[in-house]
Amino acid sequence: MKKNIKKYLYVCFYFIFLGSFLQAANNPNQVYQKSNEVFDEILSGLNSGSVSSFSKYLSNQTFLSLSTGESGYFSSSQLYNILDNFFNVHRPINFKFAIRRSDNNPYGFGTLTYENKGRKETAQVYISLRQQGDNYIIAQLTIK
Amino acid sequence: MIKNKLKHFFIGDRKYFSFVVILLTAILLIGFFTPRVIDYKENNWSEISLTKQVKIENEIIRLFQQKQKDLINSSTELISKLKLKNEKNVEEGKIFFSVINDKEYSGLSILLFDSTHNLIGWNQNEKIEFETIDIDTLNFGSTEFIENPLNVFLFYSDTLSIGGKKYFLVSAKLFEQKYTFSDKKSDQISFTKLVEEQFSVSVKIGYNHFKPKSLDGREFSFSLLNNLKKQIGVVTALSPSINADINTFRSTVNKIQTLLIFIGFFFFIVSLKSDFKKLSSDLLKILLIFLLLFFTRWLLFSLNVTSLFVGSSINNPNYFSSTFAGGIVKSPLEFLITNIFLFTAAIILFHFCRKNQNAINDFLKFTIVKISVASVSFFIILLGIRGISASIKSVIFDSTLRFFRDQNLFPQFPLLLMNINVLLFTISGLILLLCLALIIQNALKDKINFRIRFYLFLVATILLMSYLFITLQKEPLISFPLLVIVLIILGTIHFIINLNKNSLLILIVSLTVSSSFVSIILLNHFNLELEKQSLKRTAIEINRPDESYFTFLLNETLLHTVNSELISSYYAQDKTNFNSAAFVTWKNSSLVNEAFNSSISFLDKNRNLVGSFSKGVDERFIAPKIFFAMKNLELQVLDISEETESEKIIFSGITPIISRGNILGYIVATIKYDPNLLTTTNPIYRTTNEINDVIRLSDLGIIKISDRYVRVIAGDFIPTEDDISKMLESNFTAENEVWIEHNINHENFIIYIQKEKLNDSFYYTAVFQKEREVEWILFNFFKISFIHSIILLLICLTYLLYNWKEYYNIVNSFRYQLLFILLLTSILPILALAIFNRINVEENTNEMIYYSLSEKLNLIESHVKQQLQDHPERELQTALSKVDEELNISFNVYRNQVLYFSSENYLKSANVIGSIINPAAYSSFFSKGALSFYEQEFFEGFPNIVYYRKFIIDDENYIFSINDLFNEVYVSYNPNEFDIFLFGVYSFAIIIIIIFSSIIANRFSKPIRQLTSTTQAIALGDLNIQIENRSKGELGDLINNFNKMTNDLKRTQKEIAQLERESAWKEMAKQVAHEIKNPLTPMKLMIQQLVISYKDKSKNFDESFGKITSTLLNQIETMNQIASEFSRFARMPNYNSEIFDLLQIINEIEILFKQEKIEITTEAKSNAVFINADRDQIRRVFINLTRNSIQANANKIVIEVSEDENKFFISVKDNGSGIDENVKEKIFNENFTTKNKGMGIGLKLAAKYLSAIEGKIELFNSSSTGTTFLLTINKSK
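Every value quoted in this text rests on a predicted model; they were computed, and no experiment measured them.

1. Considering the overall build of chain A
Tallying secondary structure elements over chain A gives two helices and six strands in all. Across chain A, helices and strands are ordered from the amino to the carboxyl terminus as α-β-β-α-β-β-β-β. Residues counted as buried form 44% of the 144 residues belonging to chain A. At a minimum sequence separation of 6, the contacts of chain A that also span at least 24 residues come to 43%. Accessible area for chain A stands at about 7,700 Å²; split by element, carbon and sulfur atoms hold 53% of it.

Structural data, given as structure tokens:
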């Protein structure tokens, strides 16, 4: 009886051990899922011109470059207001990712269609993400 | 009845409600008519559009004609001058140069050719490629455009004849600059941009006479005609868009409505002014004011007033932006507006607290309440300091403005505005903290026992509370030493303000100086933190660009260029300088903003290279051979990095240029990422993305470590293996980063290390910064304090101008004259020293630059000679190229006046560098025979020192030049930085001198002022006054003698008064005796007669009795009258009755006792209190009461004036030691006094004076905390 219990326990531990490996193996996918979520929120924000949709991913280490000349590192408060002003003047109509990668160094780029003083124009957008702990922040946002 | 009610309601200020109604109506009407106007526009758009087009066309043509006219006028004037000057038979060459280079013509490019078409004169502004000018094809006397890929010029050509010789003049004005090196787009000269901004229209201009007009219905075109009415250009503009027009209209309507709302709001507030004044509760008033301020600020913010009416850089969140409080500080301008409101609220609250200290005292009755309130107030002070600290941290971190790195003595406007914001905010914060300090002072007033033990206990408590406050927080935002410093400053201002309650100027100066000090130390503290954080950003920036980004960037660059009509036009024109075209294309692309190297090149349709511009990309990558081998080339980007150089990443992209289905050529864009080349310091290649915009590159070190291989990217800090081991063995966080402090080569460094994993290997990026020295911290302090000093000076000047009447008389006073002399004798030598030092440094700096450039040129000369000697077969161009490669020094060579060789070959081939030598240099060499020359010049707006020297090589004249723009020249002091330090130090020193001189002048003039005010009091009848004498020497003797004189005067006056009284009484007694004696004698005789008549039983006794008794009664009546007369005479004093304002008398008393340690405040509901009395007597009453209060150790008197229908009630309340209970009833008795000195008739006289005008004075109450007298006086009729 005791021997059976021991065996039983060994098997349990074995499966637990295996399970933890599987879990570890699953983690990258969970991380990739997170980067996808970030891209989705950025997509939503760029389509609606709402910075609040993705402002939580902006940080002091986000590099911003816009066609209006703003270029460099700003604080998250400044980023919010600069982008807000930008979208007030260049009202987004539509944005689509042409390329979107969610691997080790997630990045994507696409075309943003917007309205400026009554005219429709387009701009190329580049976004890259960087992992910070378990989360992602926007490393670079370029709209040219 | 309703009409009357309304009339009654809308009296006084309420009449302004009518304006509010009118404005509201206007807003509604505008709202009503706006859609109708829009409908009208939509329905009649074609006509409106045509009118607009005609207007735009006429305006643009007018603008162009004006510029053309100016050019022609300047040119004809120049020709006249040239002719005039040369008629005086002076050497032509010299005259040509001097006239052409006159400052008047600095806006033009001028070329002068002789009859053989040789260039003989030019000015320093020359930018036209003179080789492209074909004299034979010019239409003299007319204007034309000349266009190249870099610029468009409007030029005018003409001939002139001087001394029988013919000359050709070309003068040109820059019309369109297609690139700029400046950060500011506004510096770029562009007629197109000017027109677009002025007329809000999108415009393209063809600067040639064959450009056709547009047939596109969405556009309209018109010609630009020259002075001979010939077409020289075509303007094509987009037809006005109805949507854009409606948007503009709506925006204008929005602005008007916003303005009307504000004016309406203003009148609404004004209409409630009288009602506001009638409120009795000060607390209610202050709450309403705060509500008003809050609402007004909210209104300004929600209506977006700043964006509507102010569109400039100060509204740009790039400079500063915080999301605090929903965005009321989202730009420097919004921050300023919020600051103004905060400052106003702080001032009002402070004034309220000072005025209502009695109310506060009444509230703080119990000890437990006092201690609780004091503790809570102190805690709020600590929170307030933390709040100020948090705000200044936001100013540093949420801003791209670098307070301490700006090189200018006077900063640019956005930075200046932020400096003002920081100062104003700190002042407001300190004022609010002073309110709390006032509460604490009132709470602890009774407890202060002036013993050292008490103060030690208080200080210990404060320090302990502060320490706990810091240590118990996760993020305290301020260090303990800084907190203590701020508390000390706060205590000091509070003390100064208490000492000088009546001086607003001292309050302003002490607050501003303290706030400046606090804000600078906090700015500096957070800037150090920012510098530390910037090391992390630098590491991120070094590693930011990767393959995906390069691909994106090249794709975007090529897409952007291929759609440009301009690029197609390059292939359409003959003789296009494709190097210039490549430069302009590169300058206008996204590549220019990046720190890494890049290039643009043009290929023809056969894929031959026709032109290129490169910033640091090797020639073999400009047009990679890989593209030549490909068959069909569509837009693509490839990684062409070489395996041998793994750290250098090279990407290149290509796209065809197609016009009407035909391939005209190709554009190739290349990026070369080499970390070592990210830190270029050449200002002309300065990008917006600096590696680190907080710390100078010279103070930084950057290294990359991989597999123990160390690569130095910037700086000259070379760590040893031990250093590297220590760095790599540090404890990295979960985010793979670490901060360490380490000593390398006996210098302390702060190091940030970032770890990255790539394919099972770790790579480290380490960024070093040297620890800051004290001099640097002092430099930063003085840099900002200079700006604050200027602000303080302006505030003081404004205050003095506003109160000029008050200060005009004071300026003539002894104190201010003494102060002026002290300042003059101290400041003048300092200023002289400052000017001397400045001149010295400037001269030394120029000498150092000259010496350095000269040495470099010596080196070049020797190398060139060596090259020619060793390789006589080599051409000079080749030899110069070799020297350039070997020495890595940038230099130019001119053969006669033309540029022959330049180290900056790409700029030369793109014609960005001018092809002709500086005319002043040329003139000095060839007219004056100089061997060297140097001058400050400007290259694309960048000032630089250029040094020229003449050499003779193979019997030909060559002029070598070298400048400090493309070559690093070491100077021990940057003149700009020295200016900042000098002005900062001296302005700080001047403030210290002013403060100490004021203290000294005040101290030395105090006895004189005391004498003056005492003399005034004596003149007004107060002889009880004595001056406290602490002075020694002559002044001490003067004061003693003055006091003695006053006492003698008082005694003499008493004696004289006594003698006069005695004499008066004697005289009166004599008079009385005489008057009474007069009727007594006949009365005695009559009674004697009556007695005789009675004894004689005379027959006429009855008749006699009647007569005699009647006479006796008359005499008695007479005597009674005499007695009454004398009695009235004794009662009635001499007094001069007049109607006057009692408040004026009280004001005189306030001024009279200003120098004494007593504060007198008056509170009266009315602006004037008119009574009918003797002015001198009433004055003496108040002097007496004040003197009594001082003698009862009071330091504050509050005089309150209230009224009913017929009388004024004046209460005089002091905070002295009060009157003893057992003497209260005697105080109005004559000759009663509790003092050692005095006659004891002051209050008696006061009572007498007031009763003479049917008023009265009574003791209202008295206790150990003060005494109140109540005076009742009838109102004047």
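2. Examining the interface of chain A and chain B
Taken residue by residue, the interface counts 28 residues in chain A and 30 residues in chain B. Buried surface at the junction of chain A and chain B, both sides included, amounts to about 2,800 Å², of which 54% is carbon and sulfur. Linking chain A with chain B are zero salt bridges. Where chain A meets chain B, there are 14 residue pairs in polar contact (both at pLDDT 80 or more). Looking at the side of chain A that touches chain B, the elements that each hand over two or more residues are β2 (71-73), α2 (76-89), β4 (107-116), β5 (119-132) and β6 (135-143) of chain A. When the residues that make up the side of chain A that touches chain B are grouped by side-chain class, the tally is nine nonpolar, 14 polar and five charged.

3. Observations regarding the sheet that holds strand β16 (residues 737-744) of chain B
Residues and elements named next belong to chain B. The strand order across the open sheet formed by five strands is β15-β14-β18-β17-β16, and the pairing between neighbours is antiparallel. Among the strands making up the open sheet, the edge pair consists of β15 (709-714) and β16. Taken over all neighbouring pairs, the strand axes of this sheet differ in orientation by 25° on average, direction set aside. Pairing of strand β14 (residues 700-706) with strand β18 (residues 761-770), which is carried by seven bridges, proceeds in the antiparallel orientation.

4. Thoughts on the nonpolar core
Residues and elements named next belong to chain B. Of all hydrophobic cores here, the largest spans 150 residues; its most connected members are Leu-111, Phe-403, Phe-583, Phe-602, Val-912 and Tyr-948. It is helix α13 (residues 413-444) that provides the largest number of residues to this core, a total of 16 residues. Those residues in contact with Val-912 that sit more than four places away from it in its chain are Leu-150, Tyr-179, Phe-181, Phe-583, Leu-907, Phe-939 and Glu-940.

5. Quick look at unusual backbone geometry
Excluding glycine, residues mostly have negative phi values, and the peptide bonds linking residues are mostly trans. Residues and elements named next belong to chain B. Residues other than glycine seldom take positive phi values, yet Arg-660 does so here, at roughly 50°. Its place among the elements puts Arg-660 in the loop between β12 (649-659) and β13 (662-673). The phi dihedral of Lys-1097 falls on the positive side, at around 45°, and the residue is not glycine. By the element assignment, Lys-1097 lies in the loop between α30 (1033-1095) and α31 (1101-1131).

6. Considering the domain arrangement of chain B
By convention, interface size is frequently given as the accessible area that disappears when the constituent parts associate. Each domain of chain B was delimited in the assignment, giving domain 1 (45-240), domain 2 (279-538), domain 3 (549-685), domain 4 (696-717 + 750-772), domain 5 (1033-1131) and domain 6 (1138-1274). Of note, the centres of domain 1 of chain B and domain 2 of chain B, computed from C-alpha atoms alone, are 57 Å apart.

7. What to know about the side chain of Ser-612 of chain B
Residue and element names in this part refer to chain B. Take Ser-612: it is sitting in strand β10 (residues 609-615). By relative accessible area, Ser-612 is classed as buried at 6%. The residues contacting Ser-612, other than those within four sequence positions of it, are Phe-578, Asn-579, Ala-582, Ile-600, Ser-601, Ile-622 and Tyr-906.

8. A closer look at a nonpolar patch on the surface
Residue and element names in this part refer to chain B. Together, Phe-988, Ile-992, Ile-995, Phe-996, Ile-999, Ile-1000 and Phe-1004 make up a nonpolar patch on the protein surface, roughly 600 Å² of accessible area in all. Position of Ile-1000 relative to the elements: it lies in helix α29 (residues 975-1019). Since its relative accessible area comes to 37%, Ile-1000 is described here as partly exposed.

Rules used in this analysis
Residue indices begin from 1 for each chain and proceed along its sequence in written order. Labels follow written order: the first chain is A, the first ligand is 1, and so on. Owing to the predicted nature of the model, reporting of local features is limited to residues with pLDDT of at least 70; listing and counting of side-chain atom pairs is limited to 80 or more, with chain, interface and lining totals taken over all residues. Heavy atoms from the whole structure form the basis of all side-chain values; hydrogens and water molecules are not counted. In DSSP terms, a helix is any run of H or I states spanning at least four residues, a strand is any run of E spanning at least two, and both are numbered starting from the N terminus. Exposure classes here rest on a 1.4 Å probe applied to the protein chains alone. A residue is buried below 20% of its type maximum, exposed above 50%, and partly exposed in between. Here, residues are in contact when the closest pair of their heavy atoms is within 4.5 Å. What sets the accessible areas is the Shrake-Rupley method with a 1.4 Å probe; for residues, cover comes only from the shown protein chains. Defined here as a combined quantity, buried area equals the accessible surface (1.4 Å probe) lost by two parts on assembly, summed across both. Any Lys or Arg side-chain nitrogen found within 4 Å of a carboxyl oxygen on Asp or Glu counts as a salt bridge. As used in this structure description, the phrase polar contact means that two N or O atoms lie within 3.5 Å; if the pair is within protein, one of them must be able to donate a hydrogen and the other to accept it, and residues adjacent in sequence are counted only when both atoms belong to side chains. Residues were grouped as follows: Ala, Val, Leu, Ile, Met, Phe, Trp, Tyr, Cys and Pro as nonpolar; Asp, Glu, Lys and Arg as charged; and all remaining residues, including Gly, as polar. Only strands that DSSP links by at least two bridges are regarded as paired with each other. Helix axes are fitted to C-alpha atoms over the stretch in contact, other axes to C-alpha atoms as well, and angles between N-to-C directions run from 0 to 180 degrees. We define a nonpolar core as any set of buried Ala, Val, Leu, Ile, Met, Phe, Trp, Tyr and Cys residues linked to one another through side-chain atoms lying within 4.5 Å. A domain assignment, automatic or from a database, supplies the domain bounds used here. Within the patch definition used here, like charges are joined within 9 Å and nonpolar side chains (Val, Leu, Ile, Met, Phe, Trp, Tyr) within 5 Å, considering only residues with over 30% relative accessible area and no salt bridge.

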